[in-house]
Amino acid sequence: LIELACTGTSQLPFTEATMELVTPSDEGQRHPLLDPASHVYILPASAFGGMLSVQNGGPFWRQRMAHKTLPILLKALQLQAKSQNPPSLGTLAVVCHMVCCLPASILGKSNIQQILPTMVAGLVYFSKNLNALAQSEMISSKPTDILSIILAALAKTLTISPEYVTKFIGVIIPSLLLLSSSTESSETYIPKQLLVFQCLETVATLTQARNSILREKDQVVAVLSGVVDHPSMMVRNGVVQVRN
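Caption draft 1: Here's a closer look at the side chain of Ser127. Relative to the helices and strands, Ser127 resides in helix 8 (residues 109–128). Of the polar contacts made by the side chain of Ser127, one reaches the backbone oxygen of Val124; its length is 2.8 Å. Among all residues touching Ser127, those that are not within four sequence positions of it are Ser175, Leu178 and Leu179.

Caption draft 2: The arrangement of the packing of aromatic side chains in detail. The tally for this structure, following the rule as stated, stands at one aromatic pair. Seen in terms of ring centroids, Tyr125 and Phe126 are 5.9 Å apart; in terms of plane orientation they differ by 90 degrees. Their pairing is edge-to-face. Of the two residues, Tyr125 and Phe126, neither departs from the other in class, the shared state being buried.

Caption draft 3: Layout of the packing of helix 4 (residues 42–52) against helix 5 (residues 61–80). As a packed pair, helix 4 and helix 5 sit with axes 11 Å apart at the nearest point and diverge in direction by 155 degrees. Classified by the angle between their axes, helix 4 and helix 5 sit roughly antiparallel to one another. Contact with helix 4, carried on its side by Phe48, Met51 and Leu52, involves Trp61, Arg62, Met65 and Thr69 of helix 5 and no other residues of that element. Taken together, the residues of the contact of helix 4 with helix 5 sort by class into five nonpolar, one polar and one charged.

Caption draft 4: Molecular detail of the layout of surface pockets. Counted as a void, the largest pocket has a volume near 550 Å³. Together, 23 residues line the largest pocket, and Gln80, Ser83, Pro86, Pro87 and Ser88 are the ones closest to its centre. Taken together, the elements giving at least two residues each to the lining of the largest pocket come down to helix 1 (2–7), helix 2 (26–30), helix 5 and helix 8. Among the elements that take part in the lining of the largest pocket, helix 8 stands out by supplying four residues, more than any other. When its residues are assigned to classes, the lining of the largest pocket shows eleven nonpolar, twelve polar and no charged.

Caption draft 5: Quick peek at the environment of Ser46. Structurally, Ser46 is set in helix 4. Residue classification places Ser46 among the partly exposed positions, given a relative accessible area of 24%.

Caption draft 6: Structural view of helix 13 (residues 210–225). With 16 residues, helix 13 ought to run about 22 Å at 1.5 Å a step, and its terminal C-alpha atoms sit 22 Å apart, in line with that. Its maximal kink placed at Glu216, helix 13 deviates by approximately 45 degrees. Tucked into the core, helix 13 has its buried residues touching helix 11 (169–180), helix 12 (190–203) and helix 14 (233–243).

Criteria and thresholds
Residues numbered from 1 in each chain as written. Predicted model: local features only at pLDDT ≥ 70, side-chain atom pairs only at ≥ 80, totals over all residues. Heavy atoms only, no water. Helix = DSSP H or I, 4+ residues; strand = E, 2+ residues; numbered from the N terminus. Polar contact = N/O pair within 3.5 Å; in protein donor to acceptor, adjacent residues only side chain to side chain. Contact = heavy atoms within 4.5 Å. Phe/Tyr/Trp six-rings, centres within 6.5 Å; stacked < 30°, edge-to-face > 60°. Buried < 20%, exposed > 50% of the residue type's maximum accessible area, 1.4 Å probe, protein only. Axes fitted to C-alpha atoms, helices over the stretch in contact; angles between N-to-C directions. Parallel < 35°, antiparallel > 145°, perpendicular 65-115°, else oblique. Nonpolar A, V, L, I, M, F, W, Y, C, P; charged D, E, K, R; others polar. 1 Å grid on protein atoms, 1.4 Å probe; cavity = no way out; pocket = protein on both sides within 12 Å on 5 of 7 lines; lining within 4 Å. Points joined across faces, edges and corners; volume = space filled by probe spheres on them. Expected span 1.5 Å × (residues − 1). Bend = angle between axes of the 7 residues up to and from the residue.

On their own, these measurements won't tell you what the molecule is for.
Set out below in structure tokens:
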């Protein structure tokens with residue numbers, strides 16, 4: 001599953017046969033949200049995330065799974081880091097599933113430092129391409145699911161291991177503001193906005209990034225003022241809580 005999500009190719013177990021996904025075109029790699037071939041890579045990543053989230057797999061099964069899969073992911077990230085394109089949707093989903101489901105003690109400090117830039121790059125890409133995200137719904141709902149996973153992974157990292165993302169705060173805050181002020185008014189987007197507010201509220205408490213936070217304070221207040229009249233009471237309450 002990891003190989004399919006990250007590289008599009010994997011040898012089937014107990015056989016010599018190989019499964020290959022269609023490689024996204026150059027244009028598809030530049031704009032994966034609108035590329036059907038890129039969406040397919042999310043499917044094995046989602047299946048992997050479903051396995052990783054199981055709670056009763058035994059005392060050490062997550063360690064074994066991480067030991068088997070992290071080298072594949074890290075190799076894919078090294079190759080993709082040479083490109084100017086946004087993160088591959090499959091690789092991005094795998095990264096966020098790992099951050100969400102695995103404790104830092106299993107991932108390890110070095111591995112966390114290698115995978116978190118992909119999560120942040122994914123956050124930036126989604127925040128700057130909200131129109132494309134809305135259009136992608138005509139192809140598949142999977143990219144919208146990835147945004148939820150990105151925000152969940154970010155919320156966990158900010159709460160449990162903020163030291164790993166402190167240097168990215170200057171990028172994270174503007175991206176969260178773009179996501180919070182989206183004109184998307186559907187009920188399906190409200191949970192994502194609430195996750196955004198949770199992240200912003202947690203960011204405000206990070207003493208390690210105080211200077212970066214103060215630089216963005218006026219912008220945060222200005223953007224949230226435009227959301228305070230949102231038709232959803234939950235969103236309005238979230239705005240007030242962040243501003244306070």
